Amino acid sequence: MVQTSVPELFEDDAHSVVDVRTDSLQTLRELGPPDLVHLIKQPVKSSKQTGVYHHVTGVDASSSASLAAYINTLTYSPNDKLNKVVSGLYCCYNAFSRVDMRVQVQIPGTVESYCVDERNNKLEATEEHWLETYLCSVLRAYSYADNGSGDSIKRIIGVRRFNPIMSTEQEHKFLEAAERLFFSGWQLGSDPEIQVPNLVSNHLTSGLLNYIKTTGRYASGINLFEKLRTRDQEISSLLARVYVAADEEVKAVRLLHEAVEELPMDYSILDCQAEFCSRKGRGDLALEIAKRGVVSAPSEFGTWARLAEIYVAMEQWDLALLTLNSCPMFTYQDKDAPRLPEPSRVSLPLAPETICDEIDDAGAAAADQESVHPTLRRLSAANYKGTFHKAYMLLTEVTKKIGWDQLLKIRSQVFVMEEEYRNEKQAVGGTNSRNASTIALRGTDTPQPNGQAESVSEDSEEEDPDQPSSSQPNGSEPTAASSHLEPDVSKPSHSITVRTAADTPQPMPPPDPSHLQYTQFQNKRLCERWLDNLFMVLYEDLRIYTIWRTESAQYRQQQLAYKKTAEEWEILGELATRLHHRDEAVEAWQSCLEMRFSPKAMRGLLGMYERVGEARGTVGTLIRLVAWQFRWYSEFSPDLLQAIRKLIEEEGAVKVRSIIQATPLPQHILDLTHQYAALCAAFRSSGSDG
């Protein structure tokens, strides 16, 4: 079994990382940060002690003994034979009780376990505490796992990641803990798209669904949710989703029918039903269900986004834009990350099993960043997360289907544009007209990205529309040196946003299209400021994309090499992906990989190979990504595990193993992927899921 090395961050003498972690407990909102392991080292021939630490996820946190056992594995380091470990402290956050579980190990000597609350009070650790801590630990392992791109939890230095569930016995332990604590799951918080965590939308249910999707253990998931459903019918939405994933669609439809009869206005059940009908091409059925979902939960982003998706699928572009405009937008809340002082020194040893030039990306990103063109660095769409990311992707999907010019045309038909607003204001003599447009529009408020909402006032109505908002991207054109091309893209005109100061959005479903006369000013809507900004950001994406493609074509005609840095190719690959241009994205990813290894670009190629069903290409990218994960101390990636599982289901375990073995890479690199494949095959062959 190949194992990762242990990173070491050396503690600054002026700051204790354990004390800093304790002080930050009161700021934690959700699952908490990765576990902290703090060791005291002492030279063999001296009494001077030094504090070193690293973070870890996926270690069994069900008891003090299991955490002490992990510390004992660190007492000998082949990279440091001049020092010995004299004590260790393991810190693991319990998000249910909001305490930090601590296990102190003296070497040689005693083991002490206790917990610390937000006020730094030392409390006794109970069995209930350990049950909660174990479940939180597994959920963190899945939530904070790297997705293969290297972007997880802000690239925290020195994080070891382990798979928390390596056998059916460990699975039973996890699902039993989840069943016992299921009805307290809302206390853990939820994904950023959910405004209010509830019984079926929280980090516990997300973690369960993620585990089932990753491992394909559908029978285990069905068994769990069937038992829980007897206690609350609302859990039917979770059970139905697992049925659909397990290709048990008839059971899913029957279940949803029964659930809707009992809970006709449960938005999670309605959303599951609408999604299923939409995937089956029955937009007519999905539309009515989605409208009921909006009525049942008008302040949730997900219900409005689902309705907008259905309008897009039905090519009702005007109603798609109006619905998108009504979406309640929430401030993005990032995962709880450790806020520790800068270490005095960092040691990131390289395991011999991961040495391979093909996956060496150390320091490359920092070097490339200096040579990235400013226009590429300023593309702000890449920073969107949560509700704003999903809304932007809906807007780009519409643009891909109808084009930018047609999007602008529809936009001007449904939203009040700047010139119309000024003309109307002049026509009424600048008075505060209470016509249909202002009455309908001012009743809708959506939080700004920074959580602030603007009040309606004469000042806001007279706001200069030519002044960019704070979140508007820098729209400076490239210089003649950077590009001599004029992209065939129309710059969008501004629309005016008028808002109320209501705290909770109470939007209404869009009116029937037969009753809309968009050419009349009174029947138009005001575009929300956040959506107006998305149009500006989309324009900038399209402008840069058009420049890239036109320049590339001209260079090809002249038989010249089109040169970019690896970092620039990464950005262009992401840009093409956002705009739904898959082939162009692959071209950018491949150009990047010709210059240096990039986990982001390799992940993009993996998606392409999976779409076309190219087994050898899929295996080749998986091997390199798995090896790169091990290089950075990770033995666990749900995305890669799921990709290997699907490949085994499609091609068979024997064929996958033979392809892995035939790949022209060092054997120690191939062995890393064999470990993943062996785990997938073991899960697949055990129990009723096989």
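Here the structure is shown first, and the text comes after it.
Everything quoted here is computed from the prediction, not taken from an experiment.

Colleague: For this particular structure, what's the right way to read the overall build of the chain?
Modeller: Tallying secondary structure elements over the chain gives 27 helices and 9 strands in all. Residue pairs in contact within the chain that sit at least 24 positions apart in sequence constitute 73% of those at least 6 positions apart. As displayed, the chain offers around 30,700 Å² of accessible surface, 48% of which is attributable to carbon and sulfur atoms.

Colleague: What's the story with the nonpolar core in this structure? I'm lost.
Modeller: Generally speaking, soluble globular proteins have nonpolar side chains that are buried together. Counting residues in hydrophobic clusters, the biggest one holds 88 residues, and the most contacted among them are L135, F174, F182, L208 and F225. Every residue in contact with F225, bar those within four places of it in the chain, is listed here: F182, L208, L209, I212, I235, L238, L239 and V242. W317, C327, Y539 and L542 belong to the second largest nonpolar core, which has 72 residues in total.

Colleague: Help me out: how do you make sense of the pairing of strand 5 (residues 99–106) in this one?
Modeller: Each regular strand shows side chains that alternate between the opposite faces of the sheet. For strand 5, the buried fraction is high: 7 of the 8 residues fall into the buried class. In the sheet, strand 4 (residues 83–94) pairs with strand 5 via 8 bridges, with the strands oriented antiparallel. Looking at the pairing, C92 lines up with M101 of strand 5. Here strand 4 hands over to strand 5 after 4 residues, with R98 in that stretch at a positive phi of 55°.

Colleague: Looking at this model, I keep getting lost on the pattern of salt bridges. Mind explaining?
Modeller: Any two side chains of opposite charge can pair, so long as their charged atoms come close to each other. A complete count under the given rule lists 30 salt bridges for this structure. Taking the shortest distance from any N to any O, the salt bridge between D271 and R306 comes out at 2.8 Å. Separated by 35 residues along the polypeptide, D271 in helix 9 (residues 267–279) and R306 in helix 11 (residues 301–313) bring together distant segments of the chain. The exposure classification of D271 matches that of R306, with both residues buried. Several salt bridges share partner residues, and in doing so they unite R241, D271, E275, R279, R306 and E309 into one network.

Colleague: In this structure, what is going on with unusual backbone geometry? I would like to understand it.
Modeller: Trans peptide bonds make up the majority, and among non-glycine residues the majority have a negative phi. Cis geometry is found at the peptide bond from I107 to P108, where omega equals -15°. Looking at the secondary structure, you find P108 in the loop between strand 5 and strand 6 (111–116). The phi angle at N120 is positive, at roughly 65°, despite the residue not being glycine. Relative accessible area serves as the criterion here: at 51%, N120 is assigned to the exposed category. Non-glycine residue Q559 carries a positive phi angle of around 55°. Its relative accessible area of 73% is what places Q559 among the exposed residues.

Procedures and definitions
- Residues numbered from 1 in each chain as written.
- Predicted model: local features only at pLDDT ≥ 70, side-chain atom pairs only at ≥ 80, totals over all residues.
- Heavy atoms only, no water.
- Helix = DSSP H or I, 4+ residues; strand = E, 2+ residues; numbered from the N terminus.
- Contact = heavy atoms within 4.5 Å.
- Areas by Shrake-Rupley, 256 points an atom, 1.4 Å probe, with all protein chains shown as cover.
- Core = buried A, V, L, I, M, F, W, Y, C linked by side-chain atoms within 4.5 Å.
- Buried < 20%, exposed > 50% of the residue type's maximum accessible area, 1.4 Å probe, protein only.
- Pairing = 2+ DSSP bridges.
- Salt bridge = Lys/Arg side-chain N within 4 Å of Asp/Glu carboxyl O.

Honestly, it's all geometry; don't read function into it.
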